[in-house]
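# Topology and contacts: notes
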Amino acid sequence: AQERNREYKAGGFKCSHCRQFVVINDCMGTANRNHCNWCLWSKHVDEAKGDRMATCQGGMEPIGLTLKHEGYGKIGEVMLIHLCSVCQKISINRVARDDPEHQIQQVFTESFDLNDVIRQRLERNDVYLMAETDSGELSNQLFGKW
């Protein structure tokens, strides 16, 4: 905890998965960065959104992408789906502007191979898993319309 506090005071944190130093910066599209902009892994620190009360502290693997619910059937922004490698909690997190597009696309592609148990859990939790048919929407959001 003391090391983490020192890191936050220095303006970032060390990723528990890839060990890169991740800079926390308001201008990256999200005020509360909660995942690494190198490997997209996160850490299970919240029980409820933003509470920093989780005792698990497990690594949260990016397992897929979803779309933010915007109501009226509108398609929202692309978001990361994380799964805790220790307790299996599912979490949805905003993509930041400095997240590498190739990493986001890799998570998208690898999600096609998710097992049925995880797919069913996402469905039960009302989490839409972007599918191959959403590749155009993903490209539009990552690279803009051509």
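Residues numbered from 1 in each chain as written. Predicted model: local features only at pLDDT ≥ 70, side-chain atom pairs only at ≥ 80, totals over all residues. Heavy atoms only, no water.

### Describing the overall build of the protein
Cut-off, in case you're wondering: Per the convention used, a helix needs a DSSP run of H or I reaching at least four residues, while a strand needs a run of E reaching at least two, with both numbered from the N terminus. Each residue is assigned to one of three classes by its accessible area relative to the maximum for its type, calculated with a 1.4 Å probe on protein chains only: buried under 20%, partly exposed between the two thresholds, exposed over 50%. Exposure was quantified through the Shrake-Rupley algorithm and a 1.4 Å probe, taking into account, for residues, occlusion by the shown protein chains and nothing else.
A count of helices and strands for the protein gives 4 helices and 6 strands. Starting at the N terminus and walking to the C terminus, you meet the elements of the protein as α-β-β-β-β-β-β-α-α-α. By residue count, 38% of the 146 residues in the protein fall in the buried class. A total of about 9,100 Å² of accessible surface is found on the protein, and carbon and sulfur atoms cover 49% of it.

### Some points on the pattern of salt bridges
Which entries qualify depends on this criterion: Any Lys or Arg side-chain nitrogen found within 4 Å of a carboxyl oxygen on Asp or Glu counts as a salt bridge.
Scanning all chains against the criterion turns up 2 salt bridges. Notably, a salt bridge pairs lysine 68 with glutamate 77, separated by 3.8 Å at the nearest N-O pair. For glutamate 77, a relative accessible area of 22% gives the class partly exposed. As a salt-bridge pair, arginine 94 and glutamate 77 come within 3.5 Å of each other at their nearest N and O atoms.

### Focus: the packing of aromatic side chains
The test is simple: For Phe, Tyr and Trp, rings pair up if their centres lie within 6.5 Å, where Trp contributes its six-membered ring, and each pair is then called stacked (planes under 30 degrees apart), edge-to-face (over 60) or tilted (otherwise).
Applying the stated rule across the entire model yields 1 aromatic pair. Here the aromatic rings of phenylalanine 108 and phenylalanine 112 are separated by 4.9 Å at their centres, their planes lie at 75 degrees, and the arrangement is edge-to-face. With a relative accessible area of 6%, phenylalanine 108 lands in the buried category. Given the relative accessible area of 27%, phenylalanine 112 is considered partly exposed.

### Digging into the confidence of the model for the protein
For the record, the criterion: Looking at any residue, its pLDDT shows the predictor's confidence there, from 0 to 100.
Looking at the protein as a whole, the pLDDT averages 83, with 79% of positions reaching at least 70. At the low end of the mean pLDDT range in the protein sits helix α1 (residues 2-9), at 54; at the high end sits helix α2 (residues 101-110), at 97.

### As for the packing of α2 against helix α4 (residues 135-143)
The criterion, for reference: To get an axis, a line is fitted to the C-alpha atoms, and for a helix only the part in contact is used. The angle between two axes follows their N-to-C directions and goes from 0 to 180 degrees. In what follows, roughly perpendicular refers to angles from 65 to 115 degrees, roughly parallel to angles under 35, roughly antiparallel to angles over 145, and oblique to any angle outside these ranges. Crossing handedness is defined as follows: a turn of the near helix away from the far one that is anticlockwise and smaller than a right angle gives a left-handed crossing, while the clockwise case is right-handed. In this description, contact between two residues means that some pair of their heavy atoms is separated by no more than 4.5 Å.
Running from N to C, α2 and α4 cross one another at 165 degrees; their axes reach a closest spacing of 11 Å. Comparing their axes, α4 and α2 come out roughly antiparallel. Crossing of α2 over α4 shows right-handed handedness. In this structure, α2 uses Glu101, Ile104, Gln105 and Phe108 to contact α4, whose residues at the interface are Ser135, Leu138, Leu142 and Phe143.

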